[in-house]
Amino acid sequence: MSKRVFIVLLFIFSVLKSVYSQGQTQEQFYIEMDSLLDLSYELETNGAFKDSYDLNVKALKKALDKKDHYYTAVTYGYLGYDFLRQGDTIEALSNFKRAQRYALLQDDPILLADAQGNLASIYSSDTTKRELEESYTKMAIATYKKYRDTTGLQFIYHNYAHSLEERKDFDELKLYIDLLNGPQFKDQTSAVYRASIDNLTARYYLALNDYNTADSLLLNVIRFSKEKNFPLELEAAYDAYAESLYKQKKYELAYATRLKFEEVLERNRREDFEISLDRVSFSTDMIQFKEELKRSEIENELQQEKIRNKTALIYALTALTLAILLGLYFTIQLSRKRKQLNNALKEKNKLYLKEKNRAEKLALAKSDFFSTVSHELRTPLYGVIGLTNILMENNKNEAIKEDIKSLKFSADYLLALVNDVLQVNKIDSNKHEDESVDFDLSELINKIVSSFEYMRRQNKNLIKIQVANDVPKRIHGNAVRLSQILMNLIGNAAKFTENGIIIIEVTVKKITSNNVLLHFSIRDNGQGIAASKIEQIFEEFKQGDSHSYNYQGTGLGLPIVKRLLDLSGSHIVLETKEGKGSIFSFDLKYDLAQQLEDKKTTQKNHYLLETGILKDKKILIAEDNRINQMVTKKILEKDGVICTVVENGQEAIEEVTNSSYDLILMDINMPILNGIEATQEIRKTSSIPILALTAVEIEEIRQSILDAGMNDFIVKPYDVSRFKQLIIKSIIEYQNKQG
């Protein structure tokens with residue numbers, strides 16, 4: 001007898017046997033299911049998570065076998081929380097959706113509200129699903145209120161309050177805490193709910209720095225959770241109590257409480273780990289459930305057929321046998337087809353990996369290309385801008401003064417173009433700067449506005465700065481990123497406004513003891529933007545009016561702003577009307593910096609601006625480009641510096657060996673020996689200040705420069721004042737060290 005025929009006969013025998021077996025009554029089923037779920041809830045409340053999980057699996061099997069939609073929905077909800085507690089939000093969401101599906105089949109409003117509350121809980125952990133969370137919460141609350149289900153209402157209030165606490169939305173949290181502590185739930189709040197609500201209430205008062213109220217609640221939760229064996233609430237209470245003690249500077253007691261918290265946390269993690277071991281077996285069990293369910297359905301059908309007619313049962317078994325044989329046949333065919341598809345999928349995966357590697361190589365090549373272009377464009381630009389500045393300073397002929405200004409404007413525009421393209425590439429390559437510093441906001445904005453003085457005069461505009469009085473003077477954050485955002489927005493307003501007013505406004509949106517949320521707006525009364533063009537202005541290389549060439553630009557400014565704000569967790573808001581002007585606004589959050597400044601540092605920095613210090617100082621310039629040699633030399637000689645020029649790193653080493661210098665300006669890319677190699681050799685015998693002078697993107701070589709022993713760096717083309725200040729600073733620091 002073949003194995004397949006044996007399996008078929010065994011299956012038929014099991015079906016026949018089931019016809020004569022006595023089934024469980026519906027009332028007994030309800031009693032058993034209620035007992036299983038009540039015990040599961042009690043075990044979960046007391047920290048026996050694995051045992052609770054096993055009971056839920058058992059309950060689900062029975063509900064599926066009975067095809068009972070009500071208990072299937074309830075059990076899927078229980079299992080969803082099991083997976084949610086393990087951190088497996090994907091499987092938790094899947095179970096909650098199954099619960100919702102069976103609740104709809106049952107057509108039970110309260111059961112559906114329970115499922116909606118569960119979905120709200122899972123979506124609360126995903127900030128992108130905030131609208132879904134609130135939508136399901138409102139639907140569940142409306143149903144519970146309609147049917148006066150206070151138990152369900154307490155459940156949804158409690159879960160939503162937890163979500164608000166995690167979001168630090170303490171104003172709305174207070175509303176739900178008052179509801180949970182109100183008379184409506186006074187006589188029906190379970191022990192574990194009482195502990196959880198007290199933990200939430202304590203968190204609220206802790207946020208208000210009301211330590212007495214918070215500590216009183218937390219100590220009560222700790223005592224209560226120990227008595228009732230509520231491990232999760234005990235963990236949360238210890239965590240909050242340790243935080244409260246630390247804020248009160250009770251460090252010794254805070255440390256002891258923290259140790260207790262970590263002990264409970266570790267114990268709970270071990271419980272979680274034990275549950276996670278059952279996840280694989282649960283997946284296997286689910287497959288078995290489905291097979292058992294099919295078998296159960298067949299058995300039920302055969303029982304009904306036997307009651308009506310034994311002959312019909314035989315026909316049914318015959319048809320079933322044929323169906324199984326056909327199923328086996330189609331299964332074999334399907335298996336063959338699956339193998340073919342698997343082989344095809346393997347080939348597709350190989351092709352995908354090949355294309356992925358190719359794309360990564362192209363991205364790397366793109367990054368290298370931009371780096372090379374940066375150096376090759378910035379090097380001659382340094383010469384052009386430097387010579388233009390020298391001509392403007394030395395020119396006495398008013399007839400050609402405007403021509404020189406136009407030349408400088410064109411060179412500055414070309415440099416801005418290079419910088420914009422490189423900025424987009426850095427964001428795409430995740431090479432953007434994310435360094436936070438303390439800075440003076442008003443000073444930063446004034447410096448940015450002053451850089452647009454030439455454009456302001458050219459377009460006959462007035463630029464106003466309005467910083468609200470309650471805006472903190474000094475803040476802590478990414479000043480470079482804010483500068484890039486404001487420069488692009490102010491530059492955009494200045495470009496498209498003529499004979500108008502540009503207003504830069506900063507106001508406080510929200511402030512706490514530690515941080516501040518600032519609202520920035522750049523308003524102009526220029527030409528505005530057509531409604532049909534609003535979407536495309538945030539695309540790369542696009543401008544608001546594609547049919548006009550009156551306004552120069554790369555079309556990269558606003559896309560850069562959008563990307564930088566995305567990186568900061570914010571977004572740009574545009575209000576505009578064609579012919580009436582535009583308002584670009586955004587919000588950024590910053591930490592509060594120390595308000596007191598170091599007077600010594602202030603005096604020292606002021607001292608560094610004195611260019612008279614440079615007189616008779618000997619500086620070695622290592623630079624292979626003749627024009628750049630001349631520009632750098634002329635800039636320094638104007639302040640009385642004695643300059644010596646060499647064309648490669650080897651000559652620089654020889655000069656330092658044979659002569660004494662106050663500082664070295666070292667280009668990076670030079671023949672024979674580059675700047676890095678030359679610095680490493682000089683550092684073996686001398687600690688003379690060495691400044692890197694480079695046209696390469698500094699992020700790419702920053703570490704190499706510092707590792708080689710260079711003191712600082714400046715990127716060409718550079719601001720002359722900053723260039724001189726850096727030289728003066730380096731010389732003075734070196735002299736102070738030498739005594």
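Residues numbered from 1 in each chain as written. Predicted model: local features only at pLDDT ≥ 70, side-chain atom pairs only at ≥ 80, totals over all residues. Heavy atoms only, no water.

1. A closer look at the overall build of the protein
Link 1 in the chain: Within the protein, the regular secondary structure consists of 26 helices and 12 strands.
Link 2 in the chain: Taking all 739 residues of the protein together, 42% fall into the buried category.
Link 3 in the chain: For the protein, the exposed area adds up to about 41,400 Å²; of that, 53% sits on carbon and sulfur atoms. (Helix = DSSP H or I, 4+ residues; strand = E, 2+ residues; numbered from the N terminus. Buried < 20%, exposed > 50% of the residue type's maximum accessible area, 1.4 Å probe, protein only. Areas by Shrake-Rupley, 256 points an atom, 1.4 Å probe, with all protein chains shown as cover.)

2. So, helix α22 (residues 626-637)
Link 1 in the chain: Along its 12 residues, α22 runs 16 Å from first to last C-alpha, staying within 8% of the 16 Å computed at 1.5 Å per residue.
Link 2 in the chain: If you check the start of α22, you find a side-chain oxygen 3.1 Å away from the backbone N of Ile 627, and it comes from Asn 625. (Expected span 1.5 Å × (residues − 1). Polar contact = N/O pair within 3.5 Å; in protein donor to acceptor, adjacent residues only side chain to side chain.)

3. Focus on the packing of helix α10 (residues 191-207) against helix α11 (residues 211-228)
Link 1 in the chain: Interhelical geometry of α10 versus α11 gives an angle of 155° and a closest axis separation of 8 Å. Judged on the interaxial angle alone, α11 and α10 are roughly antiparallel. Viewed along their axes, α10 and α11 form a crossing whose handedness is left-handed. Residue-level inspection shows Ala 191, Ala 195, Asp 198, Asn 199, Thr 201, Ala 202, Tyr 205 and Leu 206 of α10 in contact with α11, the latter providing Tyr 211, Thr 213, Ala 214, Leu 217, Leu 218, Asn 220, Val 221, Phe 224 and Ser 225. (Axes fitted to C-alpha atoms, helices over the stretch in contact; angles between N-to-C directions. Parallel < 35°, antiparallel > 145°, perpendicular 65-115°, else oblique. Left-handed = near helix turned anticlockwise from the far one by under 90°. Contact = heavy atoms within 4.5 Å.)

4. Side note on a nonpolar patch on the surface
Link 1 in the chain: Together, Leu 322, Leu 325 and Leu 328 make up a nonpolar patch on the protein surface, roughly 250 Å² of accessible area in all.
Link 2 in the chain: Mapped onto the secondary structure, Leu 328 falls in helix α15 (residues 310-394). (Patch = residues over 30% accessible without salt bridge, like charges linked within 9 Å, V, L, I, M, F, W, Y side chains within 5 Å. Salt bridge = Lys/Arg side-chain N within 4 Å of Asp/Glu carboxyl O.)

5. Some remarks on the packing of aromatic side chains
Link 1 in the chain: According to the stated counting rule, one finds 13 aromatic pairs in the structure shown.
Link 2 in the chain: Measuring from ring centre to ring centre gives 5.9 Å for Tyr 30 and Tyr 71, while their planes differ by 35°; the resulting arrangement is tilted. Within this pair, whereas Tyr 30 is found in helix α2 (residues 26-45), its partner Tyr 71 is found in helix α4 (residues 69-86), the two being separated by 41 residues in sequence.
Link 3 in the chain: For Tyr 71, a relative accessible area of 6% corresponds to the buried category. (Phe/Tyr/Trp six-rings, centres within 6.5 Å; stacked < 30°, edge-to-face > 60°.)

6. Description of the packing of helix α17 (residues 441-450) against helix α19 (residues 479-495)
Link 1 in the chain: Relative orientation of the contacting elements α17 and α19 amounts to 40°, with a least axis distance of 10 Å. With respect to each other, α17 and α19 are oriented oblique. At the point where α17 passes α19, the crossing takes the right-handed sense. Taken together, the residues of α19 that come into contact with α17 (itself represented by Leu 441, Leu 444, Ile 445, Ile 448 and Val 449) are Ala 479, Leu 482, Ser 483, Leu 486, Met 487 and Ile 490.
Link 2 in the chain: For the contact of α17 with α19, the residue count by class is 10 nonpolar, 1 polar and no charged. (Nonpolar A, V, L, I, M, F, W, Y, C, P; charged D, E, K, R; others polar.)

7. Structural notes on the pairing of strand β7 (residues 581-592)
Link 1 in the chain: Relative to β7, strand β3 (residues 474-477) runs antiparallel, the two sharing 2 bridges. What sits directly across from Ile 475, in β7, is Leu 592.
Link 2 in the chain: As defined by bridge partners, strand β5 (residues 515-524) adjoins β7 across 10 bridges and the pair is classed as antiparallel. Counterpart to Arg 523 in the pairing with β7 is Ile 583.
Link 3 in the chain: As paired strands, strand β6 (residues 573-577) and β7 are joined by 5 bridges and run antiparallel to one another. Looking across to β7, one finds that Thr 576 is bridged to Ser 582.
Link 4 in the chain: Remark: 3 residues form the turn of the hairpin made by β6 and β7, two consecutive strands paired antiparallel; Gly 579 in that turn has positive phi of roughly 85°. (Pairing = 2+ DSSP bridges.)

8. What to know about the pairing of strand β4 (residues 501-511)
Link 1 in the chain: Where strand β2 (residues 462-467) meets β4, 6 bridges bridge the pair, whose relative direction is parallel. Among the inter-strand pairings, Ile 465 is bridged to a residue of β4, identified as Ile 504.
Link 2 in the chain: Where β4 hands over to β5, the hairpin turn is made up of 3 residues, counted between the paired strands.

9. So, the sheet that holds strand β12 (residues 712-715)
Whenever strands of a sheet pair, they do so through backbone hydrogen bonds, lying parallel or antiparallel.
Link 1 in the chain: In space, the 5 strands of this open sheet follow the order β9-β8-β10-β11-β12, with parallel pairing throughout. Looking along the sheet, the strands with just one partner apiece sit at the ends: β9 (642-646) and β12. Across the sheet, the mean angle separating the axes of adjacent strands is 20° when strand polarity is ignored.
Link 2 in the chain: Where strand β8 (residues 618-622) and β9 come together, 5 bridges link them in parallel fashion. Bridged to Ile 621 within β9 is Val 645.
Link 3 in the chain: On top of the sheet, α22 reaches β8, β9, β10 (663-667) and β11 (690-694); it is set at about 165° to β9, its chief contact.

In short, geometric facts, not functional conclusions.
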